[in-house]
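Inside the fold
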Amino acid sequence: TGTDTVNLAVIGGDGIGPEVVAEGLKVLEAATAGTGTKFHTTEYDLGARRWHATGETLPDSVLEELRGHDAILLGAIGDPTVPSGVLERGVLLPLRFALEQYVNLRPAKLFPGVQSPLAVERVAPDGIDFVVVREGTEGPYVGNGGALRTGTPHEIATEVSVNTRFGVERVVRDAFARAQGRPRQHLTLVHKHNVLTHAGHLWRRTVEEVGVEFPEVTTAYQHVDAATIFLATDPGRFDVIVTDNLFGDIITDIAAAIVGGIGLAASANINPERTAPSMFEPVHGSAPDIAGQAKADPTATILSVGMLLEHLGRSDEAARVERAVEADLASRGDAVRSTPEVGDAIASVL
Ligand code: NAI
Ligand code: MG
């Protein structure tokens, strides 16, 4: 729209969330200094503190305010003092659903100088560089289920996975388009269609049908259990992976582990049609075990800021952030640095 103000909503959240977000904002500032663009940030207090104080998770008024922003930067939500599921189901998932962030993008790239737990020279001599396109609004995460006779020997619990042709097709098409834009032009569908036949065959047929529109892109299929084997033994085979919400959640933790750990894993929840803001966040949670000690690695958040810049069409700045992270990673060694020290180091490269 030609505006030189970007309205950014910031949700620090719980635990280490605010600590890592502060470093993300520091790097955002450094990366965009002198470009004439102002990043106008508005902080939103969501998470455990708000829930304890008011009983609220995500008030409608806050959701509507968030909707008016150009993008959202999120730290993490979740705290041991709040019953499991209250904040996850009350804040995170409603945001992704209401803002139609159906593409949950999770890159896995092994940067030079980063130690992988794998013998990379042997299992991935050409490196590890793939991206998981995880469906963000359907699957078993929609809350379609219930419990009866809770706490009795006859308790019943259901958690129904919802897969719509519309929802599967839009994320599959996005994944194909991403694969087409990458050098290797390869797409792997990960599912379990030999057992989850109803949803699995919907995904399989959709990939076959949408694939016709992308003749340059080669495709492969793996059952999710086999995919976990190859993520450990042959991760170089992957380029773009498309998968459902639950499988994507699980395999992206493995993906993070093989490229240097959860402290480096970035993600984006994208609304490709831009009918609502997209949201950028580290893959990790609030890490209550290290919260308040300045021990958290802010790199995942900083790389998420890079994805935010890319989404806003600021590819040069996004590339500069990634290069600054790359330079810092290459020179890290074994030195123990605090959260702000890592942020300062990356910002100073910029
Ligand atoms: P977690 O990711 O918070 O922590 C797992 C382990 O990784 C911990 O040992 C932690 O110290 C370490 N870790 C995480 N981030 C790190 C970083 N940046 N630097 C260094 N070490 C790091 O996962 P956990 O413990 O399962 O969940 C804690 C809370 O976070 C829960 O309430 C959970 O629901 C929530 N959560 C929220 C997410 C979100 O906001 N998107 C995602 C995952 C979990
Ligand atoms: Mg997860």
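All chains use their own residue numbering, which begins from 1 and follows the written sequence. All chains are assigned letters beginning with A, and all ligands numbers beginning with 1, in the order in which they are written. Thresholds applied to this predicted model are a pLDDT of at least 70 for local features of residues and 80 or more for the giving and counting of side-chain atom pairs; totals over whole chains, interfaces and linings are not thresholded and use all residues.

1. Some words on the packing of helix H1 (residues 17-32) against helix H12 (residues 339-349)
Here is the rule: Only the stretch in contact is used when fitting a helix axis, every axis being a line fitted to C-alpha atoms; angles between N-to-C directions are given from 0 to 180 degrees. Per the convention used, a helix needs a DSSP run of H or I reaching at least four residues, while a strand needs a run of E reaching at least two, with both numbered from the N terminus. Roughly parallel means an angle under 35 degrees; roughly antiparallel, over 145; roughly perpendicular, 65 to 115; everything else is oblique. Crossing handedness is defined as follows: a turn of the near helix away from the far one that is anticlockwise and smaller than a right angle gives a left-handed crossing, while the clockwise case is right-handed. Placing C-beta atoms from the backbone, we regard two residues as in contact once those atoms come within 7 Å. Under this grouping Gly is polar, as are all residues other than the nonpolar Ala, Val, Leu, Ile, Met, Phe, Trp, Tyr, Cys and Pro and the charged Asp, Glu, Lys and Arg.
Their axes nearest at 9 Å, the elements H1 and H12 cross at an angle of 15 degrees. When the axis of H1 is compared with that of H12, the two are roughly parallel. The two elements H1 and H12 cross, and the hand of that crossing is right-handed. Listed contacts from H12 to Glu 19, Val 20, Glu 23, Lys 26, Val 27 and Ala 30 of H1 are Thr 339, Pro 340, Val 342, Gly 343, Ile 346 and Ala 347. Classifying every residue of the contact of H1 with H12 by side-chain character gives seven nonpolar, two polar and three charged.

2. A look at the site of ligand 1
Spelled out, the test is: Only the C-beta atom matters for this test: placed from the backbone, it must lie within 6 Å of a molecule or strand for the residue to be near it.
The full set close to ligand 1 counts 21 residues, and Gly 78, His 284, Gly 285, Ala 287 and Asp 297 are the nearest of them. Looking at the shell around ligand 1 residue by residue, the class counts come to eleven nonpolar, five polar and five charged.

3. Digging into the domain arrangement of the protein
Applied cut-off: These domain limits were set by an automatic method or by a database of domain assignments.
Per the domain assignment, the segments of the protein are domain 1 (1-101 + 267-350) and domain 2 (116-259). For domain 1 versus domain 2, the distance between C-alpha centres works out to 24 Å. Listed by partner, the interface residues are nine residues for domain 1 and seven residues for domain 2. Per-element tally for the side of domain 1 that touches domain 2: the top contributor is helix H4 (residues 86-98), with four residues. Residues belonging to the side of domain 1 that touches domain 2 are distributed by class as follows: four nonpolar, two polar and three charged.

4. Description of the sheet that holds strand S5 (residues 129-135)
Stated precisely, the cut-off is as follows: Pairing between strands is defined by DSSP: at least two bridges between them are needed.
The ten strands are arranged S2-S1-S3-S12-S11-S4-S5-S10-S8-S9 in an open sheet whose pairing can be described as mixed. Each end of this open sheet is capped by a strand with a single partner; those strands are strand S2 (38-43) and strand S9 (218-223). Geometrically, the sheet is characterised by an average inter-axis angle of 25 degrees between neighbouring strands, direction not taken into account. The pairing of strand S8 (residues 186-191) with S9 spans six bridges and is classified as parallel. Note on S9: the bridge partner recorded for Val 190 is Gln 222. Where helix H7 (residues 197-211) meets the sheet, it contacts S8 and S9, and its direction lies at approximately 165 degrees from that of S8. Against the sheet, helix H8 (residues 224-233) makes contact with S8 and S9, and its axis sits at roughly 105 degrees relative to S9, the strand it touches most.

5. Here's the deal with the UniProt feature "binding site: Mg(2+)" (unreviewed entry) in the protein
Defined as follows: UniProt positions are given in the numbering used here, feature names are shortened, and annotations may be inferred rather than shown by experiment.
According to UniProt, the positions carrying the feature "binding site: Mg(2+)" (unreviewed entry) are Asp 225, Asp 249 and Asp 253. The named residues occupy 29 residues along the chain; their greatest pairwise C-alpha distance, 14.0 Å, places them in one compact cluster. For Asp 225, the position within the fold is in helix H8. In this structure, Asp 253 sits in helix H9 (residues 245-258).

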